Amino acid sequence: MPGFEIFGELEKQHVNEVLETGILMRYGFDGLRNNVWKAKTFEQQFAKKMQVNHCQLVSSGTSALTVALAVAGIGAGDEVIMPTFTFVASFESILALGAIPVLVDVDETLTLHPEAVENAITSKTKCVMPVHMCGSMANIDALKHICKKHNLVLLEDACQALGATYNNIPVGAHGDLGVFSFDFVKTITCGEGGAVVTNNLDLAKKADHYQDHGHDHIGNDRGAERHPFLGYNFRISELHAAVGLAQLQRLDEILSIQKRNYLILRKAIQQIDGVTFRSVPEGGEENYSFLNWFLPTQALAEKAAQALAKEGLDGNFYWYKNNWHYINGWEHLKNATAVSPLSKEISLALHKNKTKDFSKSDAVIGRTVSSLIKLSWTEEEVQKRAGKMVGVLENVLN
Ligand SMILES: *Cc1c(COP(=O)(O)O)cnc(C)c1O
């Protein structure tokens, strides 16, 4: 999956163009920058690629989530529905705005179970945040329908699914807002960076202002710009945007290498009795950054992940016992452990997660193993790996 695997001359060339002007900031200094606008150019190209009207680049995927939630009007005491299987940025961004993360079970799509979402809606619910984990997607139509019915914002976290599509439209472009990350282990990287995409001009304008201290960006004198509302600094730098712009040119190539490698592994292990795969909603196409598979029981899946590692097959993740991606490992969240005081309301809501029943999620994530697809493997190497994998899995299952 990671774009850093094919980092090269093109990235250097774009960065050098910025270094030559010395203008590392994305705004202003018009006379000195020699018409180099990396962030602005990246935004235009990314919006086009994602088939949306607007893109706002920011400093990270976590910032992008925070900006998206803020411009959607989510704040103090509002509830945001998010999955039990995700990355910590989901609840971090919700909490940063004084809102309340409501954790909800996942199904075999590895993200939000639509029925569980509907059951979790209260009078305080404002937003549903599916997280398209490990290269594939939520049942977007079902979630769209629920959001429409209950007048909720649909915010897609597509940080791990760049390039995946649903009904031929990129994942991230279906909700009111979509969010991407370009951190160092994502499909394309700029070191640190993120993007908010939307078709809604009002939300796009708010995102543009909010991520730069509330500046309205009217005129060309920064000091004279007005502030229609309070903002923050979530800006990306020109240096980061330059790397991202180069990587964006490689996206199609990255996706096609991933697909080739993924299919080799999948064809090999699908013949093993007991191996099944993550469900992809009808009309969906993965970005092939991970091959996600299930074994019949939790014990077998854990054993398989360990056995693969022992045989030197790295990159087979067992999320159920991982501190980053599954609720099992989020002691700090469940205990509301923060560096500064949280409101009573939030603290109470977080503590509830200690006793909540997430057995439906356990039943899915406990059986899941995700095999990272690398870009640097040659076809021959993947074939070899596939053969080894089959041997290990047959051994575990017999
Ligand atoms: C990486 C990631 C993020 C956050 O992105 P950063 O750029 O690392 O802040 C958010 N959500 C998911 C699902 C991610 O994988």
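Residues numbered from 1 in each chain as written. Predicted model: local features only at pLDDT ≥ 70, side-chain atom pairs only at ≥ 80, totals over all residues. Heavy atoms only, no water.

## Things to note about the domain arrangement of the protein
Along its sequence, the protein is carved into domain 1 (3–250) and domain 2 (252–397). Taken together, the contact between domain 1 and domain 2 spans 47 residues of the former and 46 residues of the latter. When the two sides are added together, the surface that domain 1 and domain 2 hide from each other amounts to roughly 3700 Å², 60% of it contributed by carbon and sulfur. Together, Glu5, Leu103 and Glu108 form the three largest contributors to the area buried by domain 1 at its contact with domain 2, with a combined 16%. Inspection of the domain 1/domain 2 interface yields three salt bridges. Where domain 1 touches domain 2, the interface holds 23 residue pairs in polar contact (both at pLDDT 80 or more). (Domains from an automatic or database assignment. Contact = heavy atoms within 4.5 Å. Buried area = accessible area lost by both parts, 1.4 Å probe. Salt bridge = Lys/Arg side-chain N within 4 Å of Asp/Glu carboxyl O. Polar contact = N/O pair within 3.5 Å; in protein donor to acceptor, adjacent residues only side chain to side chain.)

## A closer look at the pairing of strand β3 (residues 100–104)
Taken across its five residues, β3 has five buried, putting it largely inside the fold. Pairing analysis gives five bridges linking strand β2 (residues 79–83) to β3, with the strands arranged parallel. Bridge assignment links Pro83 to a residue of β3, and that residue is Val104. Regarding the hand of the β-α-β motif, the stretch spanning β2, helix α4 (residues 89–96) and β3 is right-handed. (Buried < 20%, exposed > 50% of the residue type's maximum accessible area, 1.4 Å probe, protein only. Helix = DSSP H or I, 4+ residues; strand = E, 2+ residues; numbered from the N terminus. Pairing = 2+ DSSP bridges. Right-handed = clockwise from strand over helix to strand, strands pointing away.)

## Some points on the sheet that holds β3
Read across the open sheet, the seven strands follow the order β1-β9-β8-β5-β4-β2-β3; overall the sheet is mixed. Taken across any chain shown, the strands that pair with only one partner, and hence form the sheet edges, are β1 (54–58) and β3. On average, each strand axis in the sheet is inclined to that of its neighbour by 25°, with strand direction left out of account. Pairing of strand β4 (residues 125–128) with strand β5 (residues 153–157), which is carried by two bridges, proceeds in the parallel orientation. (Axes fitted to C-alpha atoms, helices over the stretch in contact; angles between N-to-C directions.)

## Here's the deal with the side chain of Thr109
Looking at where Thr109 falls in the secondary structure, it is placed in the loop between β3 and α5 (114–120). Reaching out from Thr109, the side chain makes a polar contact with the side chain of Asp107 at a distance of 2.5 Å. Sequence-distant contacts of Thr109, that is, excluding residues within four places in its chain, are made with Met137, Ala138, Arg278, Ser279 and Pro281.

## A closer look at α4
Along α4, the residues that are buried comprise Ala89, Ser90, Phe91, Ser93 and Ile94. Those residues of α4 hidden inside the fold are in contact with α3 (61–71), β2, β3, β5 and α11 (331–334). Remark: Gly98 follows α4 within two positions and exhibits a positive phi of approximately 80°.

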